Amino acid sequence: MKLWLWMSACGVLASSSLTMAQEDPGKSKVGMVRVTVYHATNGNPKDAGVKTTAVPKETCERLGSEALLRFKHYGTLGQDTQPLLRSYESWAQPLKPSEEVLVRFDAKSHPTKKTTVLDLELWLSHKKILKTDVHLEGNRPLFVLGPEWRKGRLIIAVALAPETKPAP
Amino acid sequence: MMNNSIPEPSKAEREPASSVVPGVSSDGPDDDLQLVARAQQGDSRSYDLLVTRHRARIFSMIRNMIHQEADAWDLSQEVFIKAWNALPRFEAKARFSTWLYRITHNVVYDWTRKSRIESAGELNDEIFDRERIDSSSSTTPAGGESPDETLALGELRTKISAALAKLSPEHREVVLFKDVQGLAYKEIAEVMECSIGTVMSRLYYARQKLQTMLKNEYDSR
Amino acid sequence: MNTTPDETTLARWLEDELEGDELAAIEAWVSGHPEHLAERERVRKWRAMISGAVPAAEEPPYPDFFNSRVAQAIKESTPQPAVATKTRAGWIKFLMPAAACAGMMLTFWLGTKTHSGPVEVDVTGAPKAIPVEPLVYTPEKGVEAECFSSSKASATVIVLNGVDAIPDETDFSGSTTMRGLREKDKTAAIQMDNEEGAIR
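Residues numbered from 1 in each chain as written. Chains lettered and ligands numbered in written order. Predicted model: local features only at pLDDT ≥ 70, side-chain atom pairs only at ≥ 80, totals over all residues.

(A) A look at the overall build of chain C. Looking only at helices and strands, one finds seven helices and three strands in chain C. Each helix and strand of chain C, placed in order from N terminus to C terminus, yields the pattern α-α-α-α-α-β-β-β-α-α. Evaluated residue by residue, chain C yields a buried proportion of 21% over its 200 residues. (Helix = DSSP H or I, 4+ residues; strand = E, 2+ residues; numbered from the N terminus. Buried ≥ 20, exposed ≤ 12 C-beta atoms within 10 Å, placed from the backbone.)

(B) Looking closely at the environment of T76 of chain A. With respect to the secondary-structure elements, T76 of chain A resides in strand β3 (residues 73-85). Expressed as a C-alpha distance, the spacing of T76 of chain A and I156 of chain A, which sit 80 residues apart in the sequence, is 10.0 Å.

(C) Broad picture of the nonpolar core. Residues F143, V144, I155, I156 and V158 of chain A are the most contacted members of the largest nonpolar core, which totals 107 residues. Of the residues forming this core, the biggest block, nine residues, is contributed by helix α2 (residues 44-66) of chain B. Excluding residues that lie within four positions of it along the chain, V144 of chain A makes contacts with L122, L130, I155 and I156 of chain A together with I158 and L160 of chain C. (Core = buried A, V, L, I, M, F, W, Y, C linked by C-beta atoms within 7 Å. Contact = placed C-beta atoms within 7 Å.)

(D) Fine view of the packing of helix α8 (residues 185-192) of chain B against helix α9 (residues 196-213) of chain B. Residues and elements named next belong to chain B. Running from amino to carboxyl end, α8 crosses α9 at an angle of 100°, the nearest separation of the two axes being 8 Å. When the axes of α8 and α9 are compared, the pair comes out roughly perpendicular. Contact with α8, carried on its side by Y185, K186, I188, A189 and M192, involves I196, V199 and M200 of α9 and no other residues of that element. By residue class, the composition of the contact of α8 with α9 is seven nonpolar, no polar and one charged. (Axes fitted to C-alpha atoms, helices over the stretch in contact; angles between N-to-C directions. Parallel < 35°, antiparallel > 145°, perpendicular 65-115°, else oblique. Nonpolar A, V, L, I, M, F, W, Y, C, P; charged D, E, K, R; others polar.)

(E) Broad picture of the pairing of strand β8 (residues 142-149) of chain A. Counting buried positions along β8 of chain A gives six out of eight residues, so the element sits mostly inside the fold. In the sheet, β8 of chain A pairs with strand β9 (residues 152-161) of chain A via six bridges, with the strands oriented antiparallel. Bridge pairing links E148 of chain A to R153 of chain A in β9 of chain A. Of the pairings in the sheet, the one linking β8 of chain A to strand β3 (residues 155-161) of chain C comprises four bridges and is parallel in character. Counterpart to V144 of chain A in the pairing with β3 of chain C is I158 of chain C. (Pairing = 2+ DSSP bridges.)

(F) View of the confidence of the model for chain C. All names here are of chain C. Averaged over every residue, the pLDDT of chain C is 73; residues scoring 70 or more account for 58%. Here helix α6 (residues 179-184) stands out as the element of chain C with the lowest mean pLDDT, 31, in contrast to β3, whose mean of 95 is the highest. Low pLDDT (under 50) marks residues 177-200, which in the prediction has 44 contacts with non-local residues, meaning those over four places away or in another chain. Model confidence for the complex: the whole-complex pTM is 0.56, and ipTM, which rates the interface, is 0.85. (pLDDT = per-residue confidence, 0-100.)

Now the structure itself:
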């Protein structure tokens, strides 16, 4: 009898937790968004004064293919990947712990297999600098040529990220 | 001109809202109906003018109801989008503004029904601390009062907002419709889809409660 | 008015909603009931306090963008009109249904003869989805944005002009991009929490 009561209690708790999690469909994750900040310069990349991570060759070629984004050197300053939720906004802080560059985004419409439309804001130095609705596709990111910094400019890239399995 | 991209690069500049539609004289309920009639025929310029005329009141109402400026901005747009979709069903018997308030009531009601996640984690709290936002940032409308007036009005408004927040949504709404937006009992009953008696009793209760909470401010006037 | 007004009419009078003859009648009645006059003054004082402190109308931030967003959303939600087809005149009209029927039967027969597999469908005549152009807005004075689609970079590009430079002394050396480090550092817990939801 006691075992039966205990199991019933567990079942009630489990189902209520499940119900709570399912209650708000707005909390469900519909994708992942990656925000990367590059430092682009035509001068000495060491002028950045920080240790940047190398940018993949493909990305360098991609950036360099567009005249306005073409620089001699690129380095990755930081990156943040955040979930895209159905009805809630998310914030990316790619230069953590610095809040100099923040990106707020939420899903403007339900993502399709091809396109995800985001309502996106770029905040620099705690000011809202840019507001846009951007269409992101699998391999079609958004590049924002941003402010000057240490003899170069920041390029903020926003892209859909593949879902990653949690680390074991 | 808003962005008109692909493939030529173009600047995103602000286009001044159209304020003149030929044939529509002035800014009143009858003129609203003229614009509505045109919008019902597909005249988007007339509808844009209706949005311009009414957005301030709708935004104010929603913001006072939910105290979230960003959400109020989105919800206000939702009101006008829903209004456009429902425009074919609008009949000229009622005022357009009353009809908009009805849609506003439904939109806010739907929003408040959804359970909200409290901010989780140190990161989110820090970002959403308004004091960390640059005060010169153009994220909120600039006030037109003098600093002293702003301070005085701001304090009273803050107290009133805090008191309103302690009311249930129905009581808060009826006070905002009556005492802020100036709607008549009959209009409020139409908007909130209840009887005039219900509006009266909700208003009475809400005012009693607010006057208790704002006793010092009320008695000093 | 000699008889006591009903509750609703009195309530409306207290709120200054009455006009004309209705107002005159109540005014005549309350002249003999000063307690109602006092109540009306209290209501007026209350409304003045609230309406003086809480504005009935406040322009939303970025009002032009507000209108543009509404217009864009309406445009996106409005189905595109079907392409009008040229109507055929005369006796051909009578043959059309029969020809259509024969065509359907032929198609059905052919279909039973073909192997199953993907079938190419000609959609050149179907209404095409109109690509939606992104809206871009820069609230800060002096900042402008150029937005375009770059086929070379296979990306949407926004170029910001007029943004204040980040001071050189600003240091980003604490940031990290290496996935391994992020999983191990203390912010991993916050990130996991964020997967449950976001701000507000």
